[in-house]
Amino acid sequence: MDNDLLLLHQKVDTLTQQIAFLTAQAEAQQRRQQEMDELKRDAIPIANHMIQLSIQELAEIGDEFKIEDLFFLLKRVMRNTGLIMSMFDRLEAIMGLADEAQILGKQVFNYSIEELERLERAGYFSFAQEGWRIFERIVTEFSDEDVHALGDNIVTILTTVRNMTQPEIMSLANNAVGAIQQTIPETEKISTWSLLRELSNPKVRRGMARLINLLKALDDQAAQ
């Protein structure tokens, strides 16, 4: 009798636990259903609004848009997935190159600033400014006819400059300037006989020969 009573109590406890479990599951299911209902109530107005906007946008497009075009676009995108990924890879590579170029550009900019400061300290800008002032004076002082004549004779001028810058001509000009700068004391008497005696000096004779050649050249130019 006691065993039957104990077995009955165990069955009652098991049944009670099962009922409690089913009750908890039912309550959880009810809560989920309530949450789902609340979500539907919140989502339905939003979905309706999005549908209305979509209808309005599609109405603006009119007959130009067809659902077949959308499917065709999707199929092309799926068919060219590899190409699209390759384009993204190239874009990433270009972005990396752009970052490196930006870093390099900063270095070049800093170097340029430093070099410009060095040139300014060395006086290049002041020299260029003065050179520009000289150029402005040339432009204002010379007329169009002068520039035209300069263009016609530029070859002759450059040839003359080239000949004048030869080492022997520059040495001769330097010696001539040095001789002119030499002063003769006023107390020193220069007689005709002393000048005639200088004619026996080979240097004087060579100088006079060059002077005579110069006079001949001037006469030949005047005769042309």
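This write-up is about the structure you can find in this document. (Residues numbered from 1 in each chain as written. Predicted model: local features only at pLDDT ≥ 70, side-chain atom pairs only at ≥ 80, totals over all residues. Heavy atoms only, no water.)

## Comments concerning the overall build of the chain
Looking only at helices and strands, one finds 9 helices and 0 strands in the chain. For the chain, the N- to C-terminal ordering of α and β elements is α-α-α-α-α-α-α-α-α. Buried residues in the chain amount to 1% of all 224 residues. Of the accessible surface of the chain, which amounts to about 21,200 Å², a share of 62% is contributed by carbon and sulfur atoms. (Helix = DSSP H or I, 4+ residues; strand = E, 2+ residues; numbered from the N terminus. Buried < 20%, exposed > 50% of the residue type's maximum accessible area, 1.4 Å probe, protein only. Areas by Shrake-Rupley, 256 points an atom, 1.4 Å probe, with all protein chains shown as cover.)

## Brief notes about helix α3 (residues 81–122)
Taking 1.5 Å as the rise per residue, α3 with 42 residues should run 62 Å; its terminal C-alpha atoms sit 60 Å apart, in good agreement. Two residues or fewer past α3, G123 is found with a positive phi of approximately 95°. (Expected span 1.5 Å × (residues − 1).)

## As for a nonpolar patch on the surface
A contiguous nonpolar surface patch, about 510 Å² in accessible area, is contributed by L150, I154, V155, I157, L158 and V161. The residue V161 is located in helix α6 (residues 154–164) in this model. (Patch = residues over 30% accessible without salt bridge, like charges linked within 9 Å, V, L, I, M, F, W, Y side chains within 5 Å. Salt bridge = Lys/Arg side-chain N within 4 Å of Asp/Glu carboxyl O.)

## Things to note about the pattern of salt bridges
Summed over the entire model, instances satisfying the criterion amount to 2 salt bridges. The salt bridge involving R118 is made with E115; its shortest N-O contact spans 2.5 Å. Within this pair, R118 and its partner E115 are both found in helix α3, separated by 3 residues, close to a single helical turn. Take R118: its relative accessible area is 38%, and that puts it in the partly exposed class. Note that E130 is salt-bridged to R133, the shortest N-O span being 2.6 Å.

## Some points on a positive patch on the surface
The grouping of K203, R205, R206 and R210 at the surface amounts to a positive patch. Relative to the assigned elements, R205 resides in helix α9 (residues 202–223). (Lys, Arg positive; Asp, Glu negative; His and termini not counted. Charge placed at Lys NZ, Arg CZ, Asp CG, Glu CD.)

The values are spatial; any link to function lies outside them.
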